[in-house]
Amino acid sequence: IIEIGAVKVENGEITERFSTFVNPQVPIPFHIEKLTSINDSMVMDADPIEVVLPQFLEFVGDAILVAHNANFDVSFIKENAKRQGIPVDFTYVDTVGIARALLTGQSKYTLDAVAKTLGISLENHHRAVDDAECTAHIFVKFIEMLKERHIETLNDLNSLGATSVDTVKKLPTHHAIILA
């Protein structure tokens, strides 16, 4: 983790922001620097994850986390919490799954592709707080779209995804090679 960014949303509006660099205490790989535009000099004076994670968890409190490809992001938080002996049990929502259910015509469900489809600005892609803010706007728009379809519970949403052949076709695929 080299940066943590989050926004709080209340009643469809962003009310607070959390944004900080994290000193990973190892050099940032070139491909990560290329992707994020974050380099070693930017994180050199930042606090390590042992200091930042408790601050982030305090910011989160008992809020429900919303992320695009949530398993990926939450796995880093969980693993670092585990290393620090901090018990965490998040409730989280993944906007990728909702996008697959609502935007059945999409060919890609990346954050930038979904944002573009919904007309939401995404500046500084792969910077934590900017991605978080974009995800928040996507989620708010998805809530509106779900209300229009009279979808008010997770069971209703799961039913929507289950009934769409296109959604099933676009699920992540896995393969296995079996030699006998």
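Here, the structure is the one placed above.
Calculation criteria
Residues numbered from 1 in each chain as written. Predicted model: local features only at pLDDT ≥ 70, side-chain atom pairs only at ≥ 80, totals over all residues. Heavy atoms only, no water. 1 Å grid on protein atoms, 1.4 Å probe; cavity = no way out; pocket = protein on both sides within 12 Å on 5 of 7 lines; lining within 4 Å. Points joined across faces, edges and corners; volume = space filled by probe spheres on them. Helix = DSSP H or I, 4+ residues; strand = E, 2+ residues; numbered from the N terminus. Nonpolar A, V, L, I, M, F, W, Y, C, P; charged D, E, K, R; others polar. Buried < 20%, exposed > 50% of the residue type's maximum accessible area, 1.4 Å probe, protein only. Salt bridge = Lys/Arg side-chain N within 4 Å of Asp/Glu carboxyl O. Pairing = 2+ DSSP bridges. Phe/Tyr/Trp six-rings, centres within 6.5 Å; stacked < 30°, edge-to-face > 60°. Lys NZ or Arg CZ within 6 Å of the ring centre and 35° of its normal.

**Q** How should I be thinking about the layout of surface pockets in this particular structure?
**A** In this approach the atoms are scanned with a rolling probe the size of a water molecule, which exposes any empty space left behind. For the second largest pocket, the calculated volume is near 180 Å³. Considering the residues around the second largest pocket, the lining is formed by I1, V22, N23, P24, Q25, P48, I49, E50, F76, E79, N80 and R83. When residues of the lining of the second largest pocket are traced back to their parent elements, those giving at least two are α3 (49-60) and α4 (70-83). Considering each element in turn, the lining of the second largest pocket owes the most residues, four residues, to α4. Split by residue class, the lining of the second largest pocket holds six nonpolar, three polar and three charged.

**Q** Which parts of the structure should I look at to understand unusual backbone geometry?
**A** Of note, S37 is a non-glycine position whose phi angle comes to about 65°, a positive value. Look at H126: it is not a glycine, yet its phi comes out positive at around 75°. Examined against the element boundaries, H126 turns out to sit in the loop between α6 (111-118) and α7 (128-148). Owing to a relative accessible area of 33%, H126 belongs among the partly exposed residues under this scheme.

**Q** Mind showing me how you'd approach the pattern of salt bridges here?
**A** Inspection of every chain in the model, using the stated rule, returns four salt bridges. Across the pair K8 and E16 runs a salt bridge, and its minimum N-O distance is 3.9 Å. For E16, a relative accessible area of 37% gives the class partly exposed. Here E79 makes a salt bridge to R83, at a shortest N to O gap of 3.2 Å.

**Q** Teacher, can you tell me more about the pairing of strand β1 (residues 3-10) here?
**A** Regular strands have side chains that alternate between both faces of the sheet. In the sheet, β1 pairs with strand β2 (residues 13-21) via eight bridges, with the strands oriented antiparallel. Note that in β2 the partner of I4 across the bridge is T20. The hairpin formed by β1 and β2 contains two residues between the paired strands, and N11 there has a positive phi angle of roughly 55°.

**Q** Is there a simple way to explain the packing of aromatic side chains in this structure?
**A** Given two aromatic rings, their pairing is described by the distance between the two centres and the angle made by the two planes. Scanning the entire structure with this criterion turns up three aromatic pairs. Relative to F59, the ring of F18 has its centre 5.5 Å away and its plane inclined at 40°; by these criteria the two rings are tilted. Linking F18 in strand β2 with F59 in helix α3, this pair joins segments that are 41 residues apart in sequence. Like F59, F18 is buried. Ring geometry for F72 and F76: centres 5.0 Å apart, planes at 75°, overall edge-to-face. Highlighted residues: F72 and F76, both in helix α4, separated by four residues, approximately one helical turn. Taken together through their ring pairs, the aromatic side chains of F18, F56 and F59 make up a single cluster. The cationic tip of K8 hangs over the ring face of F59; the distance from NZ or CZ to the ring centre is 4.8 Å.

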